[in-house]
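Observations on chain architecture
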Amino acid sequence: MIPSLLCAETATVAVASNFVPVMKRLVTEFEETSGHTIRFSSGSTGKLYTQIIYGAPYDMFLAADQERPAILKKKI
């Protein structure tokens, strides 16, 4: 059985600002080959982390460090 989030037509991703150029290329290739879409928001890792803590509905978090994702993992 595949979890429903993995079958979503659109995924929402929080992306550290320094990763945006690469993310744009990945999104284009992914959307062309999969038929699914990616919507992403960019910002500093700290700001994105804070948004997630306060309930921002991201499906994925691509951070510029390992610390904040590790903290989030412990909280979930």
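The text that follows walks through the structure, step by step, so that each part is easy to find. What you see is a predicted model, and the numbers here were worked out from it, not measured in a lab.

**Things to note about the overall build of the protein chain**
From N to C terminus, the protein chain includes 3 helices and 3 strands. Beginning at the N terminus, the succession of helices and strands in the protein chain can be written as β-α-β-α-β-α. Counting all 76 residues of the protein chain, 21% fall into the buried class. For the protein chain, contacts bridging at least 24 residues in sequence account for 56% of all contacts bridging at least 6. Of the roughly 5700 Å² that the protein chain leaves accessible, carbon and sulfur atoms contribute 58%.

**A word on the pattern of salt bridges**
In this structure the tally under the stated criterion is 1 salt bridge. Here Arg-68 and Asp-65 are joined by a salt bridge, their closest N and O atoms 2.5 Å apart. On the basis of relative accessible area, Asp-65 is assigned to the partly exposed category, the value being 24%.

**Describing the environment of Tyr-49**
By secondary structure assignment, the location of Tyr-49 is in helix H2 (residues 45-53). Residue class for Tyr-49 comes out buried when judged on its relative accessible area of 15%. For the pair formed by Tyr-49 and Ala-16, sequence separation is 33 residues and the distance between their alpha carbons is 9.9 Å. In this view, Tyr-49 contacts Phe-61, Arg-68, Ile-71, Leu-72 and Lys-75; residues no more than four positions away in its chain are not counted.

**Regarding the nonpolar core**
A general trend in soluble globular proteins is that nonpolar side chains are found buried together. Membership of the largest hydrophobic core is limited to 6 residues, which are Ala-14, Leu-48, Tyr-49, Tyr-58, Phe-61 and Leu-72. The contact partners of Leu-48, leaving out residues within four places of it in the chain, are Ala-14, Val-15, Ala-16, Ser-41, Ser-42, Gly-43, Tyr-58 and Phe-61. Membership of the second largest hydrophobic core comes to 5 residues, among which are Val-13, Val-15, Met-23 and Val-27.

**Quick look at the pairing of strand S1 (residues 10-16)**
Buried residues dominate S1, accounting for 5 of its 7 residues. Pairing analysis gives 7 bridges linking S1 to strand S2 (residues 37-43), with the strands arranged parallel. Across the sheet, the residue bridging to Ala-11 is Ile-38, located in S2. Crossover S1 to S2 through helix H1 (residues 20-34) is right-handed.

Definitions and limits used
Residues numbered from 1 in each chain as written. Predicted model: local features only at pLDDT ≥ 70, side-chain atom pairs only at ≥ 80, totals over all residues. Heavy atoms only, no water. Helix = DSSP H or I, 4+ residues; strand = E, 2+ residues; numbered from the N terminus. Buried < 20%, exposed > 50% of the residue type's maximum accessible area, 1.4 Å probe, protein only. Contact = heavy atoms within 4.5 Å. Areas by Shrake-Rupley, 256 points an atom, 1.4 Å probe, with all protein chains shown as cover. Salt bridge = Lys/Arg side-chain N within 4 Å of Asp/Glu carboxyl O. Core = buried A, V, L, I, M, F, W, Y, C linked by side-chain atoms within 4.5 Å. Pairing = 2+ DSSP bridges. Right-handed = clockwise from strand over helix to strand, strands pointing away.

So far we have only geometry, and geometry alone does not tell us how the molecule works.
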